[in-house]
Amino acid sequence: MSYRVVTGLCYFNFNLCCHQHCIGVWRCSTMEHDEERQRWMFAEHDERCENGENCVEPMNAKSPKLHRRVGHVAVKYKNFVVVWGGYEDDEQYDNNAYTREPYYHPADEVMLYDCEYEVWHGVRIHGDPPPRLCGATAGVIGDRMLLFGGFMEDRQLGTSNVRTVYELDLNKMAWKQIWADGVPPLACDKLVSWCYEGKFYLFGGFGPWPDDPGYYRDVRLAAHPGAMREDRCWNDQLVRLADGRWEWPETRGDRPTPRAAHAAALVGSRAYIFGGRLGNRLNDFYCLDLETMVWTKLEPSDPAAPVPAARSWHSLTALDDHGRLLLYGGFDALSQPLADPWIWSPSGQRWSPCTWLSEPPIRMWHAATPGEAGEVVLFGGLASSVLLDQPTYASGSVFLRETPKSLIRLCLDVLDANRETSVPLVWFTPSPLADGIIARLTACGSKPVV
Amino acid sequence: MHCCYYHTANLLLTWRHKGIIMSEGAEKMDEDPQYGGCEGPDATYVKLRSSDNHEFIVKREHALTSGTIRNMLSGPGQFKENETNEVTFKEIPSHVLQMVCMYFTYKVRYTNSSTEIPDFQIDPKVALELLMAANFLYC
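Residues numbered from 1 in each chain as written. Chains lettered and ligands numbered in written order. Predicted model: local features only at pLDDT ≥ 70, side-chain atom pairs only at ≥ 80, totals over all residues. Heavy atoms only, no water.

1. Focus on the sheet that holds strand β1 (residues 45–49) of chain B
Residue and element names in this part refer to chain B. Filter applied, for reference: Strands qualify as paired when DSSP identifies two bridges or more between them. A run of DSSP states H or I qualifies as a helix once it reaches four residues; a run of E qualifies as a strand once it reaches two. Both are numbered from the N-terminal end. Under this scheme, a helix contributes an axis fitted over its contacting stretch, all axes are lines through C-alpha atoms, and angles between N-to-C directions fall in the 0 to 180 degree range. Any pair of residues with heavy atoms lying within 4.5 Å of one another is described as a contacting pair.
What the three strands build is an open sheet, ordered β2-β1-β3; its pairing is mixed. In the strand order of this sheet, the two ends are held by β2 (55–59) and β3 (86–88), each with one partner. Each neighbouring strand pair of the sheet contributes to a mean axis angle of 25°, computed without reference to strand direction. Pairing of β1 with β2, which is carried by five bridges, proceeds in the antiparallel orientation. By the bridge assignment, Tyr45 is partnered in β2 with Lys59. Of the strands in this sheet, β1 and β2 touch helix α5 (residues 94–110), which is tilted by about 5° from β2.

2. Section: the packing of aromatic side chains
To be explicit about the condition: Planes of paired rings set the category: under 30 degrees apart is stacked, over 60 is edge-to-face and the rest tilted, where pairs are Phe, Tyr or Trp rings (Trp by its six-membered ring) whose centres lie within 6.5 Å. Type-normalised accessible area, obtained with a 1.4 Å probe on protein chains alone, sets the label of each residue: buried when under 20%, exposed when over 50%, and partly exposed for intermediate values.
Across all of its chains, the model carries 26 aromatic pairs over all chains by this definition. Taking 6.1 Å as the distance between ring centres and 45° as the angle between the ring planes, the aromatic pair formed by Tyr103 of chain B and Tyr106 of chain B counts as tilted. On the criterion of helical spacing, the pair formed by Tyr103 of chain B and Tyr106 of chain B is a turn pair, its members being three residues apart in helix α5. Taking relative accessible area as the criterion, Tyr103 of chain B reaches 1% and is therefore assigned buried. A relative accessible area of 3% means that Tyr106 of chain B is categorised as buried. These aromatic residues form a ring-pair network of at least three members: Tyr87, Tyr104, Trp313, Phe331 and Trp365 of chain A.

3. Re the interface of chain B and chain A
The line we're drawing: The term buried area refers to how much accessible surface (probe radius 1.4 Å) is lost by two components on association, counted for both of them together. What counts as a salt bridge is simple: a side-chain nitrogen of Lys or Arg found within 4 Å of a carboxyl oxygen of Asp or Glu. We call two N or O atoms a polar contact when they sit within 3.5 Å, provided that within protein one can donate a hydrogen and the other can accept it, with sequence-adjacent residues counted only if both atoms are side-chain atoms. Following the grouping adopted for this structure description, the nonpolar residues are Ala, Val, Leu, Ile, Met, Phe, Trp, Tyr, Cys and Pro, the charged ones are Asp, Glu, Lys and Arg, and the polar ones are all others, Gly among them.
Between chain B and chain A, the contact holds 33 residues from the first and 29 residues from the second. With both chains or domains summed, chain B and chain A bury close to 2,800 Å², and 70% of this area falls on carbon and sulfur atoms. In terms of surface lost to chain A, no three residues of chain B exceed Glu116, Leu128 and Leu131 of chain B, which account for 21% of the buried area on that side. If you look at where chain B meets chain A, you find zero salt bridges. Viewed at the interface, chain A and chain B are joined by seven residue pairs in polar contact (both at pLDDT 80 or more). Put simply, the parts of the chain that give the side of chain B that touches chain A at least two residues each are α3 (67–74), α5 and α6 (127–137) of chain B. Looking at which element gives the most residues to the side of chain B that touches chain A, the answer is α6 of chain B, with eight residues. When the residues that make up the side of chain B that touches chain A are grouped by side-chain class, the tally is 19 nonpolar, eight polar and six charged.

It is worth stressing that arrangement in space is one thing and function is another; only the former is reported here.
Here you go:
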């Protein structure tokens, strides 16, 4: 018996509408939902759009704008990864001398990465953007990305920490500031966050001493011995934003010490936290059960088994729903950048070195998110020590895979590698598959000539 | 030029062009109790037929890599395929279906792999047809 090919896919037209200026012709790009394949993608069509504010451009996957960033945020949203913020060094020539100044990436644009087609889009956002930041933290609840904290550096305004929450509506691509009741968290950067049951949790961070310490009696603050009042301190705040209100839940168990530049991952109803810096760099490993609010310090079942070295500025990503985690890179106690991936196995209660890559590259202060199934992607970060005069920035994303890519992606790679012969054939391919291929083939910046 | 790194020991790939050649492997498979057959709901193997009448006999577990084949073989009685364990693809020619079967082996072999996954070689001339087949088969 034969099987009839089902053609004709259902489209659900979304509110997002963007302009793309191309060879003098205004093109509109919309985010459309492919019902059959259950994925979102950008599709171009030739109608003029009423809302002229947003702008979407396909980006070259090798563009420095994507990879030259440190202290940025990256979150997974549907089949995209949203990358925002961070800074890089910019060489300036001023008064007959070259100086290196930090250049913070614009706050009114995000980079969207399509995990399946492996295509980047730069999207301009309207609304009230936050200041340009590094070291902030973000999480996705529904169709919104919440952003908190971070450090800003501005020639006129000086440096300061941000203490407000900003929300990015991922449908309309608009920023908004959120005013919440209750005692707000301490201003800080290099903290972690996770989203559970519609609540945005924050933990730890490094920031200025609070002006109003009376509100933060239950928060432990720690600083270098001999630190002055104007110096900054580490904290161990655990606070969540729920229904427009800041809540400070009570916890029990082995509470972690204050820290910053640690990493967290959420698996089911448990949040895992590894390492970070409190003066010295740490490699302790904690789990917070969000149902019972009990902290547990996790020790490997075999005390003689190898454990990851103490580090900060690393990343921790959940691999599946069973509690397997991937730890990558960071900066160790001897101020050396690291390149070792580790996998935490909950069944064996141990860390084991990850062998998915034969030569994992050095990464610190990068951002990691899950990609497609069985895949973790690292964006940005440094490929050398941050203490160098001219640190080396990441030149591309790092993919860690436990499972082979889908056949669709493998074929797209081959078509991409053989552009001259692929392009004419694409016009015989049904849309939206053709749209995906075209997006991939044009990602190097040059449009195919028809 | 890289060679294929994966070994195909697990793949029993039989070509049977109708009415011309019956390979020894196929006959052995039907009688030798060590290999499963294509009959019945618990069959180890399934038959995938291309548009030009080549039959590919692959392990059921491997074929289930494809979401479409998974639906066809386990759907509630809608398809006759789930009774006979045979699927015919009227739009997929044999040179493409062959690559699809090889992908099934590659995928199963390297899922949850602890080593670096080697490349899967695809002839650029077949890439677009293979992409359309992969899109249809959802794999």
